[in-house]
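# Reading the structure
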Amino acid sequence: MTQYNPKNIEETLKRMEKADELKDIHRSGTNIMSFFDDNDKEHELQKQQSAAEVKKNEYLKSVELLKKLIQEKGTKSDLTHITAIGYLIETTDFLNIPPDKKKMLKENMIWCNKKYKKYLDV
């Protein structure tokens with residue numbers, strides 16, 4: 001029969017105690033999954049920012065086309081209005097757009113669509 005070495009038993013008990021102490025340490029910040037969660041959140045934010053930038057550029061292109069039409073066939077009042085809409089779009093953060101600004105932008109884009117149809121028919 002094999003005899004146990006008391007020295008080995010003592011070392012094993014110390015390792016077990018140390019392991020118990022390490023379990024009590026809070027490590028949420030070192031969790032590897034939290035890294036992936038943060039990475040996913042950052043990727044999603046970048047996608048949203050990219051989509052917002054694309055939307056903003058589409059609106060600006062539409063406004064620029066209408067502005068050229070108005071310069072050729074429109075009134076000074078319409079030209080001033082379309083220029084103001086362009087400034088509104090340029091200064092709007094499409095990622096964090098407040099509801100009132102979103103409503104204002106929508107109303108102005110509807111105005112743009114009406115004017116665009118008007119100047120195409122002329």
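Residues numbered from 1 in each chain as written. Predicted model: local features only at pLDDT ≥ 70, side-chain atom pairs only at ≥ 80, totals over all residues. Heavy atoms only, no water.

### Comments concerning the layout of surface pockets
For clarity, the cut-off: Space inside and on the surface of the protein is sampled on a 1 Å grid over the protein atoms alone, with a cavity defined as a set of points where a 1.4 Å probe fits but cannot get out and a pocket as an open set with protein on both sides within 12 Å along at least 5 of 7 lines; lining residues have an atom within 4 Å of a point. Grid points are joined across faces, edges and corners, and a volume is the space filled by probe spheres set on the points. We count a stretch as a helix when DSSP gives it H or I for four or more residues in a row; a strand needs E for two or more, and each element gets its number in order from the N terminus.
In this structure, the largest pocket occupies an estimated 180 Å³ of space. If you go around the largest pocket, the residues you meet are K55, Y59, F94, I97, K102, L105, K106 and M109. Within the residue set of the lining of the largest pocket, elements represented by two or more residues are α2 (32-73) and α4 (99-121). If you tally residues by element for the lining of the largest pocket, the top one is α4, at four residues.

### Topic: the pattern of salt bridges
Threshold: Salt bridge, as used here: a side-chain nitrogen of Lys or Arg that lies within 4 Å of a carboxyl oxygen of Asp or Glu. Exposed residues in this analysis have more than 50% of their type's maximum accessible area, buried residues have under 20%, and partly exposed residues fall in between, with area computed by a 1.4 Å probe over protein chains only.
Following the criterion strictly, the structure yields two salt bridges and no others. Of the charged contacts in the structure, one is a salt bridge between K47 and E44, with a shortest N-O distance of 3.6 Å. On the criterion of helical spacing, the pair formed by K47 and E44 is a turn pair, its members being three residues apart in helix α2. For K47, a relative accessible area of 45% puts it in the partly exposed group. Relative accessible area serves as the criterion here: at 36%, E44 is assigned to the partly exposed category. Between D78 and K115 there is a salt bridge whose closest N-O contact spans 3.4 Å. Of the two residues, D78 sits in helix α3 (residues 76-90) while K115 sits in helix α4, which places them 37 residues apart along the sequence. For the pair formed by D78 and K115, the shared burial category is buried.

### What to know about the nonpolar core
Proteins that are soluble and globular tend to have nonpolar side chains buried together. Put simply, the rule is: Residues enter a nonpolar core if they are buried and are Ala, Val, Leu, Ile, Met, Phe, Trp, Tyr or Cys, with the set joined through side-chain atoms within 4.5 Å. Residues count as neighbours in contact if any of their non-hydrogen atoms are within 4.5 Å of one another.
By size, the foremost hydrophobic cluster in this structure holds 15 residues, and its most contacted members are V63, L66, I82, I85, I89, W111 and C112. Among the elements of the structure, α2, α3 and α4 are those that each provide at least two residues to this core. Apart from residues no more than four positions distant in its own chain, I85 is found in contact with V63, N108, W111 and C112.

### Observations concerning α4
For clarity, the cut-off: By this rule, a helix spans an expected 1.5 Å times one less than how many residues it contains.
For α4, built from 23 residues, the straight-helix expectation of 33 Å at 1.5 Å per residue is met to within 8% by its first-to-last C-alpha distance of 33 Å. What α4 keeps buried is the set L105, N108, M109, W111, C112, K115 and Y119.

### As for the side chain of N108
Stated formally: In protein, a polar contact means a hydrogen-donor-capable atom and an acceptor-capable atom, both N or O and within 3.5 Å, with residues adjacent in sequence counting only if both atoms are side-chain atoms; elsewhere, any N or O pair within 3.5 Å suffices.
Mapped onto the elements, N108 comes out in helix α4. Judged by its relative accessible area of 14%, N108 is buried. A distance of 3.1 Å separates polar atoms of two side chains, one belonging to N108 and the other to H81. Excluding residues within four positions of it along the chain, N108 makes contact with H81, I85 and L88.

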